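# Topology and contacts: notes
For reference, the chains in residue letters:
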Amino acid sequence: MARWCYRHRLVVLLLWVVALFGLGAASSSAGTNYAEVFSLPNTDSKRAYDLMEKAFPERAGDTDTVVWKVEEGTVRDESVRSRIEPALKEIGAMKGVGEVTDPYGARGAAQISKDGRIAYAQVTFAEQANAVPKELVQDVVDTAQDAGGDGLQVELGGQAITRVQEPPTGTAEIVGILAAAVVLFLAFGSVFAMLLPILIALFGVGTGLFSTQLISHVTNVPELASLLSTLIGLGVGIDYALFIVTRHRKGILRGQDPEEAAVTALNTSGRAVLFAGGTVCIALAGMLVTNLRFLDGVVIGTSLTVVLSVLAAVTLLPALLGLLGHRVLSRRQRRRLAAQGPEVERASGLAARWSATVEHRPRSVAALAVVVMAVLALPLLSLRLGTVDQGNDDASMTTRKAYDLLAEGFGPGFNGPLQVVVNGDSGDSLVATIKETEGVAQAVSAPPANGVTVIQVVPTTSPQAKETDQLIDTLRDQVIPDAGVRAHVGGVTAVSKDFASVTADRLPYFIATIIGLGFVLLLIAFRSVVVPLTAALMNLIAAAASFGVLVAIFQWGWGLDLLGLGQEGPIAAFLPIIMLSLLFGLSMDYQVFLVSRMHEEWVHTRDNARAVRVGLAETSRVINSAALIMVCVFMAFVLSGDYGAAMAGVGLAAAVALDAFILRTALVPAAMHLLGNSNWWLPAWLEKRLPHLAVEPKEEAPSQGPAAEGPASVVHGLIRTADGEPVPDAAVTLLSAGGRQLDRVVSLADGSYIVSVPGPGTYLLAATASSYGSRARQVEVGDGPLVCDVELAEGEVDAIN
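Residues numbered from 1 in each chain as written. Predicted model: local features only at pLDDT ≥ 70, side-chain atom pairs only at ≥ 80, totals over all residues. Heavy atoms only, no water.

In this section: the overall build of the protein chain. Counting its secondary structure elements, the protein chain contains 24 helices and 20 strands. Principal-axis analysis of the C-alpha atoms places the extent of the protein chain at approximately 110 × 55 × 45 Å. By residue count, 56% of the 801 residues in the protein chain fall in the buried class. For the protein chain, the accessible area works out to roughly 32800 Å², and carbon and sulfur atoms hold 57% of it. (Helix = DSSP H or I, 4+ residues; strand = E, 2+ residues; numbered from the N terminus. Buried < 20%, exposed > 50% of the residue type's maximum accessible area, 1.4 Å probe, protein only. Areas by Shrake-Rupley, 256 points an atom, 1.4 Å probe, with all protein chains shown as cover.)

Following this line, the structure appears as structure tokens:
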């Protein structure tokens, strides 16, 4: 497929362009039909909502607030009423508004603060917040704020109002892409090579978003799906293309024709991309086991974007590589290639030195990595799930201003009132009992309707406070049962608490599902039990440490001012499921790319130390570059202005950074050195029953040239240092051109060695010693013995392909 796409590059490019613009035109003409279907069956807040909807259909929708404050005088002044009352009447007459309760009526005295400077009106829509048309909400905001000015401040708050206060879209994505472009240019040194991963990501995200918009017309897809699709699509799209382009450039630098280099890159790194994309989709599909139906659309949208990003990487990318040819290299690399010829396949510099350090000191490296991750995970012990409310909004937004005005005039608990919904007449006794309950600022009963009574309960603490959660438990477990009535506690704050409880209850099943499915996939890919077990353990460590960072920043408030975000509060209840899905998928990506190179070396040499050393030396730089790109993309979502998106972006950025820079670069290879050949253990009975899905291409048949049937011969020589000193006990391995081990010996005290050769042909000769690096070279053997001396130096690693 890679060869076909390379040779028919214009056709492939045209097909992708037509698909992108065709889907874009179709989604633009059809529009979006996002549906926020949020339901928590079998919860107390859901029962309260059902009773409210039955008894007060005009009040079962979302209730938002118009708040106004005067600089002088009181809100009762005629100059204020003459401006506010007409605006409220106009809002009440709008189609889609159930009713407007203002403070100037017979029962409105409680809607004016004690000092008379702040008042509010309640606007009840006919639908829940996510179903209210944005056009209607904007009309309400414009009408109310037109009444302000000249010493009268008018602000609006509530869930529906939030929908029209969202900042302009695209800023976070543009900043993330620009940051990724800088990292890619530093990594490649070529503008064309830099553009390739970005183009692949844009095609993947673009087609994914447009497809998701079209799918929203046939199934329930929430708006959250578009945000997460962009977040994950940009990250994986750039990363997948980065891995393939890196392998392609290596092939060209080592003398391959651009077409053969592209085919080899897709046949190696491309296979790893397919497995990595599969692990991400499996992790996303794990959300389905939570039985939270509003997440179904999120799974569809994000998984579709990942699939299209993978498809772009394995089809569109080879076509673009064909258009560029040698220009995928920098000018300096092209000049050096023309002047000096192909490079020797060698990993040197910092990556090789670090790989050697991990090999020589695995216990120290592993211990240090574990300590760092454990310290970062400590804040997780105080994790508290809750809701992100408008008190976390930017201080310039009308919702935040309304929130602060209500807290100033009526107390912090007024922003999260509870609704005790009674099936029947509650009588005055329940109201009196609730008023006497600790943590209740006020409780007011509305007239019964259709056999249902609603008691509005205002806590003394804010909606995010732990004391408010405790008050809900007290009302449900003590006050209501003691009163002997059938009642349920509802309201936005109660819904958030129930959502956090449901999430916490189902989280273990979710984690077990995605770890189990990931384990099976890696087991099949690497024919090992230990590798997937190690990956599962590392994923749990990464999750614990990243959530520890989240708690320290967003719950404890460390560094919130630096990020330009609001005040601290609980971690959003939806975040664990969303973040763990993405984290497990992305961390599996790095595990696949790292271990696939190690496994490739293990298959060829059966030397675990060499496999781990070469695998880390060759992949650590590209994994770290990919992680740095993802960190830039995720951190850019802090600029989105959405507190929840910023929380997800910071959490994922921390998770990717810790996973790549500490776990995959240090702890995983150190653990694999300690485990030795056990890394690749697989019971014989299981080996027979597992399907064969290899990340690496099938090993080529031994290629020894046309004279392969000739007489046997030998390769012999000396293993020396740069100073000419002999290197005893060096492992010398002879491999076929396809990577099959033919002979393996250890050098003698004088550094001499001799390996047997089956016949004339082309072979690979590898030499490695524990105190030095390693060298691998291609040798041409004729009819007689071949002398081949090898020089080993510290800090250099040659790789065998």
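Following the structure, the description resumes.
What follows covers the sheet that holds strand S2 (residues 97-101). As summarised here, the arrangement of the 4 strands in space is S2-S3-S1-S4, forming an open sheet in which the pairing is antiparallel. At either end of the open sheet lies a strand with only one pairing partner, and these are S2 and strand S4 (152-157). Ignoring strand direction, the axes of neighbouring strands in this sheet form an average angle of 20 degrees. As paired elements, strand S1 (residues 63-70) and strand S3 (residues 118-125) share 7 bridges and run antiparallel to each other. Residue Thr65 lies in a different strand from S3, and its bridge partner there is Gln122. (Pairing = 2+ DSSP bridges. Axes fitted to C-alpha atoms, helices over the stretch in contact; angles between N-to-C directions.)

Time to look at a nonpolar patch on the surface. Taken together, the side chains of Val182, Phe185, Leu186, Val191, Leu195, Leu199 and Leu202 make up a nonpolar region of the molecular surface, amounting to roughly 600 Å² of accessible area. Those elements that place two or more of their residues in the nonpolar patch are helix H7 (171-188) and helix H8 (191-215). Broken down by element, the nonpolar patch gets its largest block of residues, 4 residues, from H8. (Patch = residues over 30% accessible without salt bridge, like charges linked within 9 Å, V, L, I, M, F, W, Y side chains within 5 Å. Salt bridge = Lys/Arg side-chain N within 4 Å of Asp/Glu carboxyl O.)

Our next topic: the environment of Val370. Structurally, Val370 can be placed in helix H14 (residues 362-377). Taking the C-alpha atoms as reference points, Val370 and Ile662, 292 residues apart in sequence, are found 9.0 Å from one another.

Counted by the stated rule, this structure contains 17 salt bridges. Put simply, Asp44 and Arg476 hold a salt bridge, and the shortest N to O gap is 2.9 Å. In this pair, Asp44 sits in helix H3 (residues 44-55) while Arg476 sits in helix H17 (residues 466-483), placing the two residues 432 residues apart along the sequence. Per residue, the accessibility class of Asp44 equals that of Arg476, and both read buried.

The strand order S8-S9-S7-S10 describes an open sheet built from 4 strands, whose pairing is antiparallel. Looking at the sheet topology across the chains shown, the edges are occupied by strand S8 (440-445) and strand S10 (487-490). Strand-to-strand, the axes of this sheet are offset by a mean angle of 20 degrees, without reference to chain direction. Relative to strand S9 (residues 452-459), S8 runs antiparallel, the two being bridged by 5 bridges. Note that in S9 the partner of Gln442 across the bridge is Val458.

Take the nonpolar core next. In terms of nonpolar packing, the biggest core is built from 157 residues, with Tyr240, Met287, Phe554, Tyr590 and Phe634 touching the most fellow members. Among the elements that take part in this core, helix H23 (residues 643-675) stands out by supplying 19 residues, more than any other. Residues Val80, Val123, Ala147 and Leu156 belong to the second largest nonpolar core, which totals 31 residues. (Core = buried A, V, L, I, M, F, W, Y, C linked by side-chain atoms within 4.5 Å.)

To continue, consider H8. Spanning 25 residues, H8 covers 36 Å between terminal C-alpha atoms, matching the ideal 36 Å at 1.5 Å per step. The N-cap residue of H8 is Ser190: its side-chain oxygen and the backbone nitrogen of Phe192 are 3.4 Å apart. (Expected span 1.5 Å × (residues − 1). Polar contact = N/O pair within 3.5 Å; in protein donor to acceptor, adjacent residues only side chain to side chain.)

One can find Ala432 in helix H16 (residues 427-436). Placed 47 residues apart in sequence, Ala432 and Val479 show a C-alpha to C-alpha distance of 11 Å.

In terms of burial, strand S16 (residues 761-768) is largely enclosed, as 7 of its 8 residues are buried. Across 6 bridges, strand S13 (residues 731-736) lies against S16 in antiparallel orientation. Across the sheet, Leu735 pairs through a bridge with Leu764, a residue of S16. Sheet topology note: the S16/strand S17 (residues 774-781) ladder contains 8 bridges and is antiparallel. Residue Ala767 lies in a different strand from S17, and its bridge partner there is Arg775. Counting the residues that bridge the hairpin from S16 to S17 gives 5 residues.

Counted by the stated rule, this structure contains 8 aromatic pairs. Taking 5.7 Å as the distance between ring centres and 15 degrees as the angle between the ring planes, the aromatic pair formed by Trp602 and Trp680 counts as stacked. Taken together, the residues Trp602 in helix H21 (residues 575-605) and Trp680 in the loop between H23 and helix H24 (684-689) connect sequence positions 78 residues apart. Trp602 sits in the buried class, given a relative accessible area of 9%. Take Trp680: its relative accessible area is 9%, and that puts it in the buried class. Over the aromatic face of Tyr6 sits the side chain of Arg9, whose NZ or CZ is 5.3 Å from the ring centroid. Above the plane of the ring of Phe192 lies Arg327, whose end atom (NZ or CZ) is 5.6 Å from the centre. (Phe/Tyr/Trp six-rings, centres within 6.5 Å; stacked < 30°, edge-to-face > 60°. Lys NZ or Arg CZ within 6 Å of the ring centre and 35° of its normal.)

Contact geometry of helix H19 (residues 530-555) with H21 gives a least axis separation of 10 Å together with a crossing angle of 135 degrees. Regarding the angle of H19 to H21, the classification is oblique. Handedness of the H19/H21 crossing: right-handed. On the side of H19, the interface is formed by Val531, Ala535, Asn539, Leu540, Ala542, Ala543, Ser546, Phe547 and Leu550, while H21 contributes Leu575, Pro576, Met579, Leu580, Leu583, Phe584, Ser587, Met588, Gln591 and Val595. When the residues that make up the contact of H19 with H21 are grouped by side-chain class, the tally is 15 nonpolar, 4 polar and no charged. (Parallel < 35°, antiparallel > 145°, perpendicular 65-115°, else oblique. Left-handed = near helix turned anticlockwise from the far one by under 90°. Contact = heavy atoms within 4.5 Å. Nonpolar A, V, L, I, M, F, W, Y, C, P; charged D, E, K, R; others polar.)

The subject of this paragraph is the pairing of strand S12 (residues 713-721). Note that S12 and strand S15 (residues 752-757) share 6 bridges and pair antiparallel. Of the residues in S15, the one forming a bridge with Ser713 is Val757. Bridging between S12 and strand S18 (residues 786-787) involves 2 bridges; their strand directions are parallel. In the strand pairing of S18, Val715 is matched with Leu786. Across 3 bridges, the pairing between S12 and strand S19 (residues 790-792) is parallel. Within the sheet, the bridge partner assigned to Arg720 lies in S19 and is Glu791.

A few words on the environment of Val603. On the secondary structure map, Val603 appears in helix H21. The exposure class assigned to Val603 is partly exposed, which follows from its relative accessible area of 31%. Sequence spacing of Val603 and Leu540 is 63 residues, and the spatial spacing of their C-alpha atoms is 28 Å.

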